[in-house]
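# Working through the structure, step by step
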Amino acid sequence: MSKLKLSNRAEAAGRIMVALDYASAESAEQLIKQLEGIPCYVKVGMQLFYTAGPDFVRRLKTRGYKIFLDLKMHDIPNTVKGGAESVAKLGVDVFNVHAAGGRQMMEAAMEGVDKALTGFQAGTVTRPLVIGVTQLTSTNEQVLNQEIGIAGSVEEAVLRYAVLAKEAGLNGVVASPLEVLRIKAACGDSFVTVTPGIRPAGADVGDQSRVMTPREAFEQGTDYVVIGRPITAFPDPRQTLEGIIDSIVAES
Ligand code: C5P
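We now turn to the structure provided with this report. Every chain's residues receive numbers from 1 upward, in the order its sequence appears when written. pLDDT decides what is reported in this predicted model: residues at 70 or higher carry local features, side-chain atom pairs at 80 or more are listed and counted, and totals for whole chains, interfaces and linings draw on all residues regardless. Here the side-chain values reflect all heavy atoms present in the structure, with hydrogen atoms and water set aside.

On to the environment of Ile183, then. Under the scheme used here, helices are H or I runs from DSSP no shorter than 4 residues and strands are E runs no shorter than 2 residues, and both carry numbers assigned from the N terminus. Along the polypeptide, Ile183 turns up in helix H8 (residues 180-187). Residues Ile183 and Ile148, 35 residues apart in the sequence, show an inter-C-alpha distance of 22 Å. With residues near it in sequence (within four places) discarded, Ile183 still touches Val158, Leu159, Ala162, Val173, Ala175, Gly188, Phe191 and Thr193. Here, two residues are considered to be in contact whenever any of their heavy atoms come within 4.5 Å of each other.

Here's what the structure looks like:
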């Protein structure tokens, strides 16, 4: 297993995705302003996208932001193919689909990306990473077994989804940092892991069931961490993010 060596602050920042879980473009912009100059990713999820829309994403791209568009697509393959084509045309760097949609649906997402890129001149739009959502980090075994109706442990479900995503040609998965080691062992080091459920030491866990500190997540070998409320809900988000970056830069 190869662990990322984040030897400087810019490299470390580039591995953090800050979740812009806001109800308006204005609120998101306020946070972005506070974090100005820190080369982290920003994650646009459904709350913000459904109100601010593709224009907001295009504006952020024009300003040079790296974007994870977290829309968790899950539909029939043809619809997901079209959705993937649309978001790839926006120029986002990462987007995701539910692995629970199955192999054919995930393959369709990759076809949608291919279709989008053939419409652009080589080099004008980057190929986004397509990431499969495994089991939401808010799910525990009781919910998985009794509500969703999937037998076995959360870890088994996550691993099954990760292998399926890999077979379908996806670039990686979203999972809890607790599963990174097993995912990398099963799917290879270059299969990307994006891990939410991150809580700096002492932070409120909220509705996340399976959590780790940012440093622990990188020690497990994760590629990116997604952090929302531990940064956005603090009076000084910049100071909080700077502290997180400090905590993950490897001592030389
Ligand atoms: O505020 P918090 O740090 O819990 O935010 C986590 C972010 O990651 C949210 O935007 C949530 O939608 C997203 N996410 C998640 N679990 C997944 C996939 C995405 O928590 N499996």
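Before going further, it helps to examine the sheet that holds strand E3 (residues 66-73). Strand order in this closed barrel of eight strands is E1-E2-E3-E4-E5-E6-E7-E8, and the pairing throughout is parallel. The average angle at which neighbouring strand axes cross in this sheet is 25 degrees, direction not considered. The angle between two axes is taken between their N-to-C directions and runs from 0 to 180 degrees, where each axis is a line fitted to C-alpha atoms and a helix contributes only its stretch in contact. Strands E3 and strand E4 (94-98) of the sheet are contacted by helix H4 (residues 77-89), whose axis makes an angle of about 165 degrees with E3. Most of the contacts of H8 go to strand E7 (residues 192-195), to which it runs at about 165 degrees, and overall it touches strand E6 (172-174) and E7. Two strands form a pair only when DSSP identifies at least two bridges running between them.

What follows deals with helix H3 (residues 46-62). The periodicity of an α-helix, 3.6 residues per turn, causes residues three or four positions apart to be oriented the same way. How far a helix is expected to stretch is found by multiplying one less than its residue total by 1.5 Å. The end-to-end C-alpha distance of H3 is 21 Å, clearly below the 24 Å that 17 residues give at a rise of 1.5 Å each. We define the bend at any residue as the angle between the axes fitted to the seven residues before and including it, ending there, and the seven starting there. The largest bend in H3 is about 100 degrees, located at Gly53, with the proline Pro54 one to four residues further on. Only protein chains enter the accessibility calculation, which uses a 1.4 Å probe. A residue is then buried if its area is under 20% of the maximum for its type, exposed if over 50%, and partly exposed in between. Among the residues of H3, those classed as buried are Leu48, Phe49, Gly53, Phe56, Val57 and Leu60. Positioned one or two residues after H3, Gly64 has a phi angle of 90 degrees, which is positive.

Moving on: the site of the ligand. Taken together, the neighbourhood of the ligand is formed by 16 residues, with Asp21, Lys43, Arg199, Gly228 and Arg229 sitting nearest. In the environment of the ligand, an oxygen atom lies 2.8 Å from a nitrogen or oxygen atom belonging to the backbone of Gly228. Bound to the protein, the ligand loses 88% of the 470 Å² it would expose on its own. Mapped by element, the contributors of at least two residues to the shell around the ligand are E3, strand E8 (224-227) and helix H10 (229-232). We define proximity as follows: a residue is near a molecule or strand when any one of its heavy atoms falls within 4 Å of that partner. The term polar contact refers here to a pair of N or O atoms within 3.5 Å; inside protein, the definition further demands a hydrogen-donor-capable atom paired with an acceptor-capable atom, and it admits residues adjacent in sequence only when both atoms are side-chain atoms. Areas reported here follow the Shrake-Rupley algorithm with a probe of radius 1.4 Å; residue values treat only the protein chains shown as occluding.

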